[in-house]
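Commentary on secondary and tertiary structure
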Amino acid sequence: MKLFDVYPLNNITIERAEGSYVWDASGSRYLDLYGGHAVISIGHTHPHWVRRIEEQLHRIAFYSNSVKIPLQQQLADKLGEVSGKSDYQLFLCNSGAEANENALKLASFHTGRRKIVAFSKAFHGRTSLAVAATDNPAIVAPVNETGNIVFLPYNDEAALADWFAAHGAETAAVIIEAIQGVGGITVATDAFLQTIRPLCTKHGALLIADEVQCGYGRSGRFFCLDTAGVDADIYSMAKGMGNGFPVGGILIAPHITPKHGMLGTTFGGNQLACAAALAVLEVMEQEQLMQAADETGNWLMSELRTLPQLENVRGKGLMIGFDLPPQLKTLRSTLLTQYRIFTGEAKPAVVRLLPALNLPREVAADFLQSLRAAIAQLEASQTIPN
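Figured I'd write up the structure that's included with this text. The shown structure was predicted, so the numbers you read here are calculated from the model rather than taken from an experiment. (Residues numbered from 1 in each chain as written. Predicted model: local features only at pLDDT ≥ 70, side-chain atom pairs only at ≥ 80, totals over all residues. Heavy atoms only, no water.)

Take the sheet that holds strand β14 (residues 319–323) next. Here we have 4 strands laid out as an open sheet, ordered β13-β14-β17-β16, and antiparallel in their pairing. On the outer flanks of this sheet lie β13 (311–316) and β16 (344–346), each paired with one strand and no other. Taken over all neighbouring pairs, the strand axes of this sheet differ in orientation by 25° on average, direction set aside. Pairing between β13 and β14: 4 bridges, direction antiparallel. Following the sheet pairing, G315 is matched in β14 by I320. (Pairing = 2+ DSSP bridges. Helix = DSSP H or I, 4+ residues; strand = E, 2+ residues; numbered from the N terminus. Axes fitted to C-alpha atoms, helices over the stretch in contact; angles between N-to-C directions.)

Listed below in structure tokens is the structure:
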């Protein structure tokens, strides 16, 4: 049987990982500043995370949501404590797409409405409604197409106000990434985020914060929306939530009332997933990783801005992007193949840095040294002798 060929793969097999490093099948070490797409939040194979999962595995790995699972309440309590959202409600699922699917469905249930506002270059997942709210026609199948989603310009306060003036009574929710990841590390302005909240409140719509990639401490605050002083009605979470173990969820404001059968999942909130997610929160708290992400990220961005070849360095915390000029279009592949450094990308020419939140400062400094060397190498290769 062949694998269904939908992923462009680097010809590298990773066999071992620890902290901010991974090792391939030949024993070569790579610096991981990609984190498997922002998933590795507390470092690869963190000892506390491994121990939590191992201990749980010896007790029970899985039973469905037809019985009480005390670990779910323990996770809810710790999540409320670390996030500062202790009055919210938690629904657990398995992935970011599933989190957004449930958030959008819940908003429609709560309001009785159909229209969803999303934004240009948004990415919310690949399942039915999540992908319909994703601004990439190439991954939207005909069956996913719906007239219930409208895409407005990102960071355009006037366009949003105009939409609500004309269609506020039809709108179930606005869904937004406070930093767009797949969209190229595009950062929402505080003014834009602060415009959405009162418009939603006035017109009875819900504000959904897609924090799947930019949340869980990556911005230096637990939720990126917190940096603008704005509260969402629903927060979607995944990626860094389990540090590699599949787990997702939504935090739901107290004014939204649950009903039996409204949402459901077979594997969501299983015992192993809860153990992994609890370990992540415990490490984040013990090692003060939100503060670390803020401090290391600010330092790293300030250093990147000293490199004149890089354009538009941007981001918050350890969610950082910069644009490449044409002469550096192969920088990312050069970093991977010659300097053994994993980074992320966004089309057409954005490098994304999404490392673990406990990235050591000295390791970040090593990356900068390699980055300077790679830039110099590429510039030298294009020099034409007289």
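Taken as a whole, helix α10 (residues 331–339) has its buried residues at L331, T334, L335 and L336. Summarising the contacts, the buried residues of α10 are in contact with β3 (29–32), β14, β15 (341–342) and α11 (361–381). In the segment just after α10, R340 is the residue with positive phi, at about 55°. (Buried < 20%, exposed > 50% of the residue type's maximum accessible area, 1.4 Å probe, protein only. Contact = heavy atoms within 4.5 Å.)

Moving on, we get to unusual backbone geometry. At the junction of K347 and P348, the peptide bond is cis and its omega measures out at 0° in the coordinates. By the element assignment, P348 lies in the loop between β16 and β17 (350–353). In this model, H37 sits at a positive phi of 75°, which is unusual for a non-glycine residue. Inspection of the secondary structure puts H37 in helix α1 (residues 35–38). Residue class for H37 comes out buried when judged on its relative accessible area of 17%. For K239, which is not glycine, the phi dihedral falls at a positive 30°. Along the chain, K239 turns up in the loop between β11 (234–237) and β12 (248–252). Taking relative accessible area as the criterion, K239 reaches 25% and is therefore assigned partly exposed.

Turning next to the pattern of salt bridges. The tally for this structure, following the rule as stated, stands at 11 salt bridges. A salt bridge links K85 to D231; its shortest N-O distance comes to 2.9 Å. Placement of K85 in the loop between α3 (70–83) and β4 (89–93) and of D231 in the loop between β10 (206–210) and β11 is noted, with a sequence separation of 146 residues between them. Residue D231 is classed as partly exposed on the basis of its relative accessible area of 42%. Two residues, R372 and E303, come together in a salt bridge whose shortest N-O distance is 3.6 Å. Of the two residues, R372 sits in helix α11 while E303 sits in helix α9 (residues 289–304), which places them 69 residues apart along the sequence. The exposure class assigned to E303 is partly exposed, which follows from its relative accessible area of 24%. Each of K78, E81 and E285 takes part in a single network of salt bridges with overlapping partners. (Salt bridge = Lys/Arg side-chain N within 4 Å of Asp/Glu carboxyl O.)

Between the first and last C-alpha of helix α7 (residues 190–203) there are 21 Å, a value that for 14 residues agrees with the 20 Å anticipated at 1.5 Å per step. Restricting attention to buried positions, one finds in α7 the residues F192, L193, T195, I196, R197, L199 and C200. Residue G204 follows α7 closely and has a positive phi angle near 75°. (Expected span 1.5 Å × (residues − 1).)

This next bit is on empty space enclosed by the protein. Enumeration according to the criterion identifies 1 cavity of 30 Å³ or more in this entry. Space inside the largest cavity adds up to approximately 40 Å³. Lining the largest cavity we find A38, S41, E211, V212, Q213, G215, Y216, R218, A238 and G240. (1 Å grid on protein atoms, 1.4 Å probe; cavity = no way out; pocket = protein on both sides within 12 Å on 5 of 7 lines; lining within 4 Å. Points joined across faces, edges and corners; volume = space filled by probe spheres on them.)

This part covers the packing of aromatic side chains. Within a pair of aromatic rings, the relevant descriptors are the distance that separates the centres and the angle that separates the planes. Scanning the model with the defined rule gives 10 aromatic pairs in all. On the numbers, 6.5 Å between centres and 50° between planes, the contact of Y21 with W23 is tilted. The exposure classification of Y21 matches that of W23, with both residues buried. Look at Y88 and Y235: their rings are 5.7 Å apart centre to centre, the planes differ by 55°, and that puts the pair in the tilted class. Here Y235 lies in strand β11 and Y88 lies in the loop between α3 and β4, a separation of 147 residues in the sequence. Ring pairs connect the aromatic residues Y88, Y216, F222, F223 and Y235, which therefore count as one cluster. The lysine or arginine in question, R16, covers the ring of W23, its NZ or CZ lying 3.9 Å from the ring centre. A cation over an aromatic ring shows up here: R29 above the ring of Y21, its NZ or CZ 3.9 Å from the ring centre. (Phe/Tyr/Trp six-rings, centres within 6.5 Å; stacked < 30°, edge-to-face > 60°. Lys NZ or Arg CZ within 6 Å of the ring centre and 35° of its normal.)

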